[in-house]
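# Remarks on the overall topology
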Amino acid sequence: MGKRSEIKLLGTDASPYVNRVQFVLNLKSIEYEYIEENLACKSELLLKSNPVYKKVPVLLHANKPPLPESLIIIEYLDEIYPDIHPILPSNPLDRADNRFWASYIDNKFFPLFEELRQTPGKEGKEVIKKQIIEGSELLEEAFVKFSNGKAYFGGDDVGYLDVVLGCFIGWTKFFEKHIELKVIDELRTPKLLEWTNRIWSHEAFKNTIPGNETLLDFYMMLQIHKPPRAA
Amino acid sequence: MADEVKLYGFPGSPYVSRVTTALNLKGIKYEFVAEDLSNKSADLLKYNPVHKKVPVLVHNGKPISESLVIVEYIDDAWKGVPILPQDTYEKAQARFWAKFIDDKCTPAIFKAITNHGEEQAVAEAQEQLQFLENELNVKGKKFFGGDNINLVDIAATFIAYWLGAAEEALGIKVLSKDKFPKITEWCGNYINCQVVKDDLVPREAIVAFFRKRFGNA
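Residues numbered from 1 in each chain as written. Chains lettered and ligands numbered in written order. Predicted model: local features only at pLDDT ≥ 70, side-chain atom pairs only at ≥ 80, totals over all residues. Heavy atoms only, no water.

All names here are of chain A. The topology assignment puts Lys 28 in the loop between α1 (16-27) and β2 (33-36). A residue is classified by how much of its surface remains accessible, and Lys 28, at 0% relative accessible area, is buried. Reaching out from Lys 28, the side chain makes a polar contact with the side chain of Asp 78 at a distance of 2.8 Å. (Helix = DSSP H or I, 4+ residues; strand = E, 2+ residues; numbered from the N terminus. Buried < 20%, exposed > 50% of the residue type's maximum accessible area, 1.4 Å probe, protein only. Polar contact = N/O pair within 3.5 Å; in protein donor to acceptor, adjacent residues only side chain to side chain.)

Printed below as a string of structure tokens:
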């Protein structure tokens, strides 16, 4: 006899946006039912649950209508389970600072990687790679400011930005291996490099971060279904 | 010690308008620092080194950037008229629609504007606007926030005032009354709110801006 899960999560293993939500569920020790989606062939449930974007993740909580968008889901979970491992700080200015950097990561930094994949030609790719490197250096500065000498963006323990950025470290390893792009390295972003090692071994993250094979499958799927632009 | 609140912006910006509306809702006194975007001040570059853009709110010397981040900050930091719903799920829904307006709706509208009302671009913009039309239909009230404006209304300020001006400037139609009766009505209601109206620049100025920037030579 199983307990019916109050929380269901529609997702796909390789998606860093889905991983983020999983980290938060893990940190708050919330049990949930995970439903894997095939993004090349989206289910009726997904299309009905997220008609605006048709994307994962989507959170289904009890009998409430579905909730998409990873950052919105994270704040929602933080508000309905405030006492277990708070994710966002309580001070308004700290919250604004955290949200600003999440917006930078999602609107400026992460899109660069898809842009890199889609851009044809070596020269075009070099331009994007340079922007990625600049972005990673900005994030190094942000880490130094937020961590203030401690282990995580959140201080002594993981917080919002650790979740928002930490979901990507499987991909940074992937890019280093497959396209010779070192997003995080010991010379330019030493603090972030140390931080990624902590994230890799953190209880709430380590079994969720997808491995190379999962990411390779996903990357190949993207190459087929959303091929790079013609030169 | 009194709060010191400064807002860096330029008066014709819809993103700045979001912030002035939020400040007005809470009755916050602030100093407006007008920026010339072709010659940005040292202060702006210091307060927003990542994006170098307006609006930037500086509260007792601490800067906050990104219009929706600023609006949430204003709601967090000051009591008074609430900008976000109190209910957790409704709050999440409000954030969703505000994000949708920025991520999908406004870019699609902008594409229709920059493509001078090209059929496909207009169709795509209207597809996105339909989600907002449906949302207003389902709510059945004056505003996205119900009887009073909330985060979503504030996020949609571009649609309320700037879109009409762009349409007039370029002789195009995206937000037609027959396709979008609810949004059309909402536009009139929204810009009539005192907290919005007080800081809107004359419509002719915005029409002139769009004509100059995107009009045919």
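Here we take up helix α4 (residues 92-109) of chain A. Residues and elements named next belong to chain A. Here α4 contains 18 residues, and its C-alpha end-to-end distance of 24 Å stays within 8% of the 26 Å for a straight helix at 1.5 Å per residue. Burial of α4 is extensive: 14 of the 18 residues sit out of reach of the surface. Regarding α4, its N-cap is Asn 91, as a side-chain oxygen of that residue lies 2.8 Å from the backbone nitrogen of Leu 93 further along. (Expected span 1.5 Å × (residues − 1).)

All names here are of chain B. The first and last C-alpha atoms of helix α10 (residues 203-214) sit 16 Å apart over 12 residues, in line with the 16 Å expected at 1.5 Å per residue. Those residues of α10 not exposed but buried are Ile 206, Val 207, Phe 210 and Phe 214. For α10, the buried positions fall inside an angular range of 100° around the axis, keeping them on one side. Residues of α10 that are exposed and angled more than 90 degrees away from the buried face: Glu 204 and Lys 212. Buried residues in α10 make contact with α4 (88-114) and α7 (157-170). (Arc of directions from axis to C-beta. Contact = heavy atoms within 4.5 Å.)

All names here are of chain A. Sheet architecture is open: four strands sit in the order β2-β1-β3-β4, paired in mixed fashion. The two strands at the open ends of the sheet, each matched to only one other strand, are β2 and β4 (67-68). Note: strand β3 (residues 58-61) against β4, two bridges, orientation antiparallel. Each bridged residue has a counterpart across the sheet, and for Val 58 the counterpart in β4 is Pro 68. Along the sheet, α1 makes contact with β1 (7-11) and β2, crossing β1 at roughly 155°. (Pairing = 2+ DSSP bridges. Axes fitted to C-alpha atoms, helices over the stretch in contact; angles between N-to-C directions.)

With that settled, the discussion passes to the interface of chain B and chain A. Across the contact, 26 residues belong to chain B and 27 residues belong to chain A. Interface of chain B and chain A: buried area, both sides summed, is about 2,400 Å²; carbon and sulfur atoms make up 69% of it. The interface formed by chain B and chain A includes seven salt bridges. Put simply, A:Arg95 and B:Asp76 hold a salt bridge, and the shortest N to O gap is 2.9 Å. Along the contact surface separating chain B from chain A lie 10 residue pairs in polar contact (both at pLDDT 80 or more). Broken down by class, the residue content of the side of chain B that touches chain A amounts to 12 nonpolar, five polar and nine charged. (Buried area = accessible area lost by both parts, 1.4 Å probe. Salt bridge = Lys/Arg side-chain N within 4 Å of Asp/Glu carboxyl O. Nonpolar A, V, L, I, M, F, W, Y, C, P; charged D, E, K, R; others polar.)

Close approach of charged atoms lets side chains of opposite charge pair. Counting across every chain of the model gives 31 salt bridges over all chains. Measuring nitrogen to oxygen at the nearest pair gives 2.8 Å for the salt bridge that ties A:Glu114 to A:Arg117. On the criterion of helical spacing, the pair formed by A:Glu114 and A:Arg117 is a turn pair, its members being three residues apart in helix α5 (residues 111-118). In this structure, the salt-bridge partner of A:Glu186 is A:Lys182, at a minimum N-O distance of 3.3 Å. Note on A:Lys182: relative accessible area 32%, which makes it partly exposed. Counted as one network, the salt bridges with shared partners bring together A:Glu75, A:Glu79, A:Arg95, A:Arg99, B:Glu72, B:Asp76, B:Lys91 and B:Arg95.

This brings us to the nonpolar core. All names here are of chain B. Grouped together as the largest cluster of nonpolar side chains are 154 residues, with contacts concentrated most on Ile 159 and Trp 186. With 13 residues, the top contributor of residues to this core is α4. When sequence neighbours within four positions are dropped, the list of residues in contact with Ile 159 reads Cys 105, Ile 109, Leu 129, Leu 132, Leu 175, Ile 183, Trp 186 and Cys 187. (Core = buried A, V, L, I, M, F, W, Y, C linked by side-chain atoms within 4.5 Å.)

What follows deals with unusual backbone geometry. Cis geometry is found at the peptide bond from A:Val56 to A:Pro57, where omega equals 0°. Within the fold, A:Pro57 resides in the loop between α2 (44-49) and β3. Positioned with a positive phi, A:Asn148 is a non-glycine residue whose angle comes to about 50°. You can see A:Asn148 is positioned in the loop between α6 (122-147) and α7 (160-166). A relative accessible area of 66% places A:Asn148 in the exposed class. Look at B:His116: it is not a glycine, yet its phi comes out positive at around 55°. When you line up the elements, B:His116 lands in the loop between α4 and α5 (119-139).

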